[in-house]
Amino acid sequence: MPTSLKATLKVDITGASSLVATQTVAAEAYDRIDVTVAAGGSATIQVQPGGTGQVQLLFISASAYPDDGSGTNQLTYTVDGGSAIDLDAPLLAVGTGAVGVLGDVNEVVFSNASGDDVDVTLLVGRDATA
């Protein structure tokens, strides 16, 4: 039986209104993965066993989003060996279309060029039988 994962995104506009969007995903499986990316190091996460279009929800957050003082981000990630992407804020992708922009999302590698360890959390909702 699928598990319901309800994602809510809210943007408060200073001095104005708020925008809220909510989407529920019926996932056959979900995983929460917590890792520490050591200062100057990397961490490889196996997100799912394989397949195309299985990931329906991907949430990535970090304990810090360090930069080098000149605005250059120190925390990056790659998906399935692709190009490095700055992780400068939490990421929420809901739906196979949004997640698909990143690829199949089988493996995510985080790199931390800062001088401090960073804790990273991934939450993935996926089909397990596709």
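These numbers were taken from a predicted model, which means no experiment stands behind them. (Residues numbered from 1 in each chain as written. Predicted model: local features only at pLDDT ≥ 70, side-chain atom pairs only at ≥ 80, totals over all residues. Heavy atoms only, no water.)

Colleague: Would you mind going over the sheet that holds strand 4 (residues 42-46) with me for this structure?
Modeller: Across a sheet, strands are paired by hydrogen bonds formed along the backbone, either parallel or antiparallel in direction. Read across the sheet, 4 strands follow the order 4-9-6-7 without closing on themselves; strand pairing throughout is antiparallel. Both edges of this open sheet fall to strand 4 and strand 7 (85-86), since each of them pairs with a single strand only. Of the pairings in the sheet, the one linking strand 6 (residues 75-79) to strand 7 comprises 2 bridges and is antiparallel in character. Each bridged residue has a counterpart across the sheet, and for Thr-76 the counterpart in strand 7 is Asp-86. (Pairing = 2+ DSSP bridges. Helix = DSSP H or I, 4+ residues; strand = E, 2+ residues; numbered from the N terminus.)

Colleague: Please clarify how the pattern of salt bridges should be interpreted in this entry.
Modeller: Opposite charge on two side chains makes pairing possible when the charged atoms of those side chains draw close. Enumeration over the complete set of coordinates arrives at 3 salt bridges. The partner of Asp-12 in a salt bridge is Lys-10, with the nearest N and O atoms 3.6 Å apart. As far as the burial class goes, Asp-12 and Lys-10 line up, both exposed. (Salt bridge = Lys/Arg side-chain N within 4 Å of Asp/Glu carboxyl O. Buried < 20%, exposed > 50% of the residue type's maximum accessible area, 1.4 Å probe, protein only.)

Colleague: In this structure, what is going on with the environment of Thr-24? I would like to understand it.
Modeller: Following the sequence through the fold, Thr-24 ends up in strand 2 (residues 18-27). The exposure class assigned to Thr-24 is partly exposed, which follows from its relative accessible area of 45%. Separated by 70 residues in the primary sequence, Thr-24 and Val-94 have C-alpha atoms spaced 8.7 Å apart. In this view, Thr-24 contacts Ser-4, Leu-5 and Lys-6; residues no more than four positions away in its chain are not counted. (Contact = heavy atoms within 4.5 Å.)

Colleague: Please explain the pairing of strand 9 (residues 107-112) as it appears in this structure.
Modeller: Regular strands place their side chains on alternate faces of the sheet. Sheet topology note: the strand 4/strand 9 ladder contains 5 bridges and is antiparallel. Following the sheet pairing, Ile-45 is matched in strand 9 by Val-108. In terms of strand pairing, strand 6 meets strand 9 through 5 bridges, oriented antiparallel. The residue bridging Val-79 from the neighbouring strand is Val-108, located in strand 9.

Colleague: Help me out: how do you make sense of the packing of aromatic side chains in this one?
Modeller: Aromatic ring pairs are reported here in terms of the distance separating the ring centres and the angle at which the planes meet. Using the criterion set out here, one finds 1 aromatic pair in the structure. Centre to centre, the rings of Tyr-77 and Phe-110 are 6.1 Å apart; their planes meet at 40°, and the pair counts as tilted. With Tyr-77 in strand 6 and Phe-110 in strand 9, the pair connects residues that are 33 residues apart, well separated along the chain. Assigned by exposure class, Tyr-77 and Phe-110 land together as buried. (Phe/Tyr/Trp six-rings, centres within 6.5 Å; stacked < 30°, edge-to-face > 60°.)

Colleague: Teacher, can you tell me more about the sheet that holds strand 5 (residues 55-62) here?
Modeller: Read from one edge of the open sheet, 4 strands run 3-10-5-8, paired in antiparallel fashion. Of all the strands in the sheet, the pair left with one neighbour each is strand 3 (29-37) and strand 8 (91-94). Neighbour-to-neighbour, the strand axes of this sheet turn through a mean angle of 10°, independent of strand direction. In this structure, strand 5 lies alongside strand 8, joined through 4 bridges in antiparallel fashion. Bridging from a neighbouring strand, Leu-57 pairs with Val-94 of strand 8. (Axes fitted to C-alpha atoms, helices over the stretch in contact; angles between N-to-C directions.)

Colleague: What exactly am I supposed to notice about a nonpolar patch on the surface here?
Modeller: On the surface, a nonpolar cluster with roughly 490 Å² of combined accessible area is contributed by Leu-9, Val-11, Ile-13, Leu-19, Phe-59 and Leu-92. Relative to the helices and strands, Phe-59 is located in strand 5. Residue Phe-59 is classed as partly exposed on the basis of its relative accessible area of 30%. (Patch = residues over 30% accessible without salt bridge, like charges linked within 9 Å, V, L, I, M, F, W, Y side chains within 5 Å. Areas by Shrake-Rupley, 256 points an atom, 1.4 Å probe, with all protein chains shown as cover.)

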